[in-house]
Amino acid sequence: HELLAGQFTAAVRNARAYAEERARAEALAELDRAKTAFFANVSHELRTPLTLLLGPLSDTLAAAGTALPDDVRGSLTLALRNGQRLQRLVNDLLEFVSIEAGRASAVRVETDVPALTAELAGVLRAAAERAGLRLSVDCPPLDRPAYVDPRMWEKIVLNLVANAVKYTFVGGIDVSLRADGDSLVLTVADTGVGIPRAELPLLFERFHRGSGTAARSREGTGLGLALARELVTLHGGEVTATSEPGVGSTFTVRVPFGEPDAPAGGPAVPSP
Ligand code: ADP
């Protein structure tokens, strides 16, 4: 009897612990849903007034720019720049919300990834050169078709190359794309300020910003790399970084060559 009683007590204890754990997990999931909904609502509420504010501001500057007194033009330009920063932050937050809610998926289409990558890096060449930096691109054609979501690929490349420009003060940036087995490999290498070893594990965390003075001297939200990682993950790939403080950093994105996605609604004829 004692043995049975002992077993019974243990079973009750286990059942109780299990129920408590489930309740905790459900409460956490509910909290997570509430947080996501909150972000989504706030971001949406911010987006419309921002658009209505920035549109006329940039139209006015474009139309009357040179006719305005210097100090007025300076203030309006500053307001526009900061408004656009806020708009980027809101858009990044909304993008996270939709990824978290499972609404975002990579729509892979056959894409000339080397040409697209070179074009995107080229967009930032002027900014690099203005900062006295070299930006070189090595993206030879691939020997077979590659399938990526071009809109997402654009964000991945622009985030990494913009960071390289932002956190490099002398030297330059090398962007390259090549095939490695079944993967496409993008590398963005810079001769910048580098990342302290202790910060490497935090690099792709949301809102992480470098602690060094060189890193802090640049504007940022700490969302760029986190978003890049989410987008790479949606492609079934991974992004990694190596770095040496004072020498430079290299970011490597590896995604499968991929296949075209089935059109929405799936195949017309269900397989048996
Ligand atoms: P942000 O640049 O807006 O701060 P990111 O998520 O793009 O946010 O980057 C997070 C942090 O990682 C940056 O604050 C910076 O400290 C560091 N970092 C990113 N890219 C580089 C780079 N190429 N070189 C040195 N540090 C970098």
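This one's a predicted model, so the numbers in the text were calculated from it and none came from an experiment. Residue positions are counted from 1 within each chain, in the order its sequence is given. Totals for whole chains, interfaces and linings use all residues, but because this is a predicted model, local features are given only for residues with pLDDT of at least 70 and pairs of side-chain atoms are given and counted only at 80 or more. For side-chain calculations, the full set of non-hydrogen atoms in the structure is used, while hydrogens and water are omitted.

1. Focus: the overall build of the chain
Think of it this way: any DSSP run of H or I at least four residues long counts as a helix, any run of E at least two long counts as a strand, and we number them from the N terminus. Secondary structure assignment for the chain yields seven helices and seven strands. In this description the radius of gyration comes from C-alpha coordinates, and the expected globular size is given by 2.2 Å times residues to the power 0.38. Scaling as 2.2 N^0.38, a compact globule of 272 residues should have a C-alpha radius of gyration of about 19 Å, whereas the chain reaches 24 Å, well beyond that. The C-alpha extent of the chain, read off along each of the three principal axes, is 95 × 50 × 50 Å. Burial classification: accessible surface area is computed with a 1.4 Å probe over protein chains only, and a residue below 20% of its type maximum counts as buried, one above 50% as exposed, and the rest as partly exposed. Within the span of the chain, comprising 272 residues, buried residues form 33% of the whole. In what follows, a contact means two residues having at least one pair of non-hydrogen atoms within 4.5 Å. Look at the contacts in the chain between residues 6 or more apart in sequence, and 71% of them connect residues 24 or more apart. In this description, accessible areas are obtained by the Shrake-Rupley approach with a 1.4 Å probe, and a residue is regarded as covered only by the protein chains that are shown. Carbon and sulfur atoms make up 58% of the accessible area of the chain, which totals about 16,300 Å². Positive and negative charge centroids in the chain, built from 28 and 33 side chains respectively, lie 5 Å apart. When charges are counted, neither His nor the chain ends are considered; positive counts come from Lys and Arg and negative counts from Asp and Glu. Throughout, a charge is located at the NZ atom of Lys, the CZ atom of Arg, the CG atom of Asp or the CD atom of Glu.

2. Some words on the confidence of the model for the chain
Close inspection of predicted coordinates is inappropriate for parts of the model with low pLDDT. Along the chain, pLDDT gives the predictor's confidence residue by residue, from 0 to 100. The pLDDT averaged across the chain works out to 89; a share of 96% of its residues lies at or above 70. Predicted confidence is poor over residues 264-272, with pLDDT under 50, and the contacts of this stretch with residues over four places away or in other chains come to zero contacts.

3. A closer look at the nonpolar core
Throughout this description, the term nonpolar core refers to a set of buried Ala, Val, Leu, Ile, Met, Phe, Trp, Tyr and Cys residues connected via side-chain atoms within 4.5 Å. Core analysis: the biggest nonpolar cluster contains 44 residues, and W153, L160, V161, I173, L184, L186 and V253 have the highest contact counts within it. Looking at this core, the elements that each hand over two or more residues are α2 (70-100), α3 (113-123), β3 (146-148), α5 (150-166), β4 (172-180), β5 (183-190), α7 (224-234) and β7 (248-256). The element best represented in this core is α5, accounting for eight residues. Judged by nonpolar contacts, the second largest core, of eight residues, contains L50, L54, L61 and L94.

4. A word on the side chain of T117
As for its position among the elements, T117 is in helix α3. Judged by relative accessible area, T117 falls into the buried class, the value being 0%. In contact with T117, not counting residues within four places along its chain, are C139, W153, V157, V175, L177 and L186.

5. Digging into the site of the ligand
Among the 21 residues in the neighbourhood of the ligand, the closest are listed as N163, Y167, D190, R209 and T221. Polar contacts here mean pairs of N or O atoms no more than 3.5 Å apart (in protein, one a potential hydrogen donor and the other a potential acceptor; neighbouring residues in sequence count only if both atoms are side-chain atoms). Between the ligand and D190 there is a distance of 2.8 Å, counted from a nitrogen atom to a side-chain nitrogen or oxygen. Taking L225, its main chain carries an N or O atom lying 2.9 Å from an oxygen atom of the ligand. Protein burial of the ligand: of its 530 Å² of free accessible surface, 97% is covered by the chains. Here the element with the most residues in the shell around the ligand is α5; it accounts for three residues. Each residue gets one label: Ala, Val, Leu, Ile, Met, Phe, Trp, Tyr, Cys and Pro are nonpolar, Asp, Glu, Lys and Arg are charged, and the others, such as Gly, are polar. Considered class by class, the residues forming the shell around the ligand number nine nonpolar, nine polar and three charged. Whether a residue is near a molecule or strand depends on its heavy atoms: if one lies within 4 Å, it is near.

6. Here we look at the pattern of salt bridges
Salt bridge, as applied in this entry: a Lys or Arg side-chain nitrogen positioned within 4 Å of an Asp or Glu carboxyl oxygen. Counted according to the given criterion, the structure contains 10 salt bridges. Notably, a salt bridge pairs D70 with R73, separated by 3.2 Å at the nearest N-O pair. Of this pair, D70 and R73 both sit in helix α2, separated by three residues, roughly a single helical turn. One salt bridge in this structure joins E230 and R206, with 3.9 Å as the shortest N-O distance. Of the two residues, E230 is situated in helix α7 and R206 in the loop between β5 and α6 (213-216); the sequence distance between them amounts to 24 residues. It is possible to trace a salt-bridge network through shared partners that takes in E95, R151 and K155.

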